[in-house]
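Okay, here's what each chain looks like letter by letter:
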Amino acid sequence: MAAAPAVPLLINLGGSLLGFAATLALIPAFKDRFLAARLFGEDLNKASRRPVPEAQGVISGAVFLIILFCFIPVPFLRCFVEEQCAAFPHDEFVELIGSLLAICCMIFLGFADDVLNLRWRHKLLLPTMASLPLLMVYFTNFGNTTIVVPKPFRLLLGMHLDLGILYYVYMGMLAVFCTNAINILAGINGIEAGQSLVIAASIIVFNMVELNGDYRDDHIFSLYFMIPFFFTTLGLFYHNWYPSRVFVGDTFCYFAGMTFAVVGILGHFSKTMLLFFIPQVLNFLYSLPQLFHVIPCPRHRLPRLNPCTGKLEMSYSKFKTKSLSALGTNILKAVKFLHIVDVRSGTDEDGEYTECNNMTLINFVIKLIGPTHERNLTLLLLLIQVLGSTIAFSIRYQLVRLFYDV
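Residues numbered from 1 in each chain as written. Predicted model: local features only at pLDDT ≥ 70, side-chain atom pairs only at ≥ 80, totals over all residues. Heavy atoms only, no water.

1. Some words on the layout of surface pockets
So, step 1. Estimates place the volume of the largest pocket at around 1,700 Å³.
So, step 2. Looking at the largest pocket, it is lined by 49 residues, and the ones nearest its centre are Trp120, Lys123, Asn183, Ile184 and Asp250.
So, step 3. Elements represented by at least two residues in the lining of the largest pocket include exactly strand E1 (40-42), helix H4 (90-116), helix H5 (120-130), helix H8 (165-184), helix H11 (249-266) and helix H13 (278-291).
So, step 4. The dominant element in the lining of the largest pocket, judged by the number of residues it contributes, is H8, at nine residues.
So, step 5. Of the residues that constitute the lining of the largest pocket, the class distribution is 25 nonpolar, 13 polar and 11 charged.
So, step 6. Val148, His268, Lys271, Thr272 and Tyr404 are, among the 36 residues lining the second largest pocket, the residues nearest its centre.
So, step 7. Mapped onto the lining of the second largest pocket, the elements with two or more residues apiece are strand E3 (146-148), H8, helix H10 (216-240), H11, helix H12 (270-275) and helix H16 (374-397).
So, step 8. Among the elements that line the lining of the second largest pocket, the one with the most residues is H12, at five residues. (1 Å grid on protein atoms, 1.4 Å probe; cavity = no way out; pocket = protein on both sides within 12 Å on 5 of 7 lines; lining within 4 Å. Points joined across faces, edges and corners; volume = space filled by probe spheres on them. Helix = DSSP H or I, 4+ residues; strand = E, 2+ residues; numbered from the N terminus. Nonpolar A, V, L, I, M, F, W, Y, C, P; charged D, E, K, R; others polar.)

Put into structure tokens, the structure is as follows:
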């Protein structure tokens, strides 16, 4: 990147602030158009089931793309003056264009999901397809598939290990995880945009800290994406906060996840980025029995509103006890013994049915603290996200010495 990145970063920040203002203004301006196109849903956690425009992530995503499309020549301004540029950095240009292509594809596919209501198996396939431009850029620009082995495994594997094609599989799976991890930790006002804001802010802080390190150019590249993402998401968050006036939709979840995957992979800090996903990883692990349908999984796993108290309570999955496989039965016994899932047996007159709370981090928090107001629940989950980032920084700068030479 440029020898003095201050000017490009300032221009990027200025464009991002304009993007924040544009997102704030465009979402209410397009509200009626989305309603007319029948792109709306009902807020199931409100007593009044008014229509709420969906898929508003397409607006923040479009603004984000416009900012970065206009920004494309800025990092290369020095090459417009011949004596300041020996040769045009084609590798950096391809890196920028390829990243925008991957994000643009993911926004398009996410909007298609919101419109067509695709099945879960498609939700795994779409990020894989959208990550292909990203993997090709990595292959042509870097191609390095060798990793430094953690200290505890060096006697067995040596100092370095070439993963070959497995490294590309890892990067593809990372893109799939990032997009779906945000998508499954959802269901209450402000949580999708809020968690993405915390993760983006954490990455920005990490990039700023590392600007004086050996990989300065990689972190400048990350900032070019994260700053506009943060401010456009902030504008979306304003409208999505309780009581939500719009829903972000799968479009935003895919857009956010792919943006994180892009900077993590091409910025060469994918392991650190995953540390910022600690709550999402815990939610994924907790959800596994339902995600793989070992335990029956309803379409919506969001908490349910108690209209008498105005508070959210755990939602439940109800199924015939005999319909469970042996694996499902053993898992249910284990989680009941560990008190991490509320299991109710014989819930009907004949005693044939069993209920268990839907396995999401949101329901688990309600299990711990009891019924709570939706706004307070979102705030608590965002605090957990901040705590996760704090732990991530502690691991990255302290505990890392146990595994790597730093």
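2. Details of the nonpolar core
So, step 1. Core analysis: the biggest nonpolar cluster contains 88 residues, and Ile103, Ile203, Phe225, Phe229, Met258, Phe260 and Phe277 have the highest contact counts within it.
So, step 2. If you tally residues by element for this core, the top one is H11, at 12 residues.
So, step 3. The contact partners of Phe225, leaving out residues within four places of it in the chain, are Phe64, Leu68, Leu96, Ser99, Leu100, Ile103 and Val263.
So, step 4. Counting 10 residues, the second largest nonpolar core, distinct from the first, contains Tyr286, Ile295, Phe319 and Val335. (Core = buried A, V, L, I, M, F, W, Y, C linked by side-chain atoms within 4.5 Å. Buried < 20%, exposed > 50% of the residue type's maximum accessible area, 1.4 Å probe, protein only. Contact = heavy atoms within 4.5 Å.)

3. Concerning H11
So, step 1. Over its 18 residues, H11 runs 26 Å from end to end, which matches the ideal 26 Å to within 8%, given 1.5 Å per residue.
So, step 2. Counting buried residues in H11 gives 18 out of 18 residues, a clear majority hidden from the surface.
So, step 3. Count one or two residues on from H11 and you reach His268, which has phi positive near 60°. (Expected span 1.5 Å × (residues − 1).)

4. With respect to the sheet that holds strand E8 (residues 343-345)
So, step 1. Across the sheet, three strands lie side by side as E7-E9-E8; this open sheet has antiparallel pairing. In the strand order of this sheet, the two ends are held by strand E7 (316-320) and E8, each with one partner. Looking at each pair of strands side by side, their axes are set apart by 15° on average, direction ignored.
So, step 2. Note: E8 against strand E9 (residues 353-357), three bridges, orientation antiparallel. When the sheet's bridge partners are listed, Arg344 is paired in E9 with Glu355.
So, step 3. Of the strands in this sheet, E7, E8 and E9 are in contact with helix H14 (residues 326-337), which crosses E8 at around 120°. (Pairing = 2+ DSSP bridges. Axes fitted to C-alpha atoms, helices over the stretch in contact; angles between N-to-C directions.)

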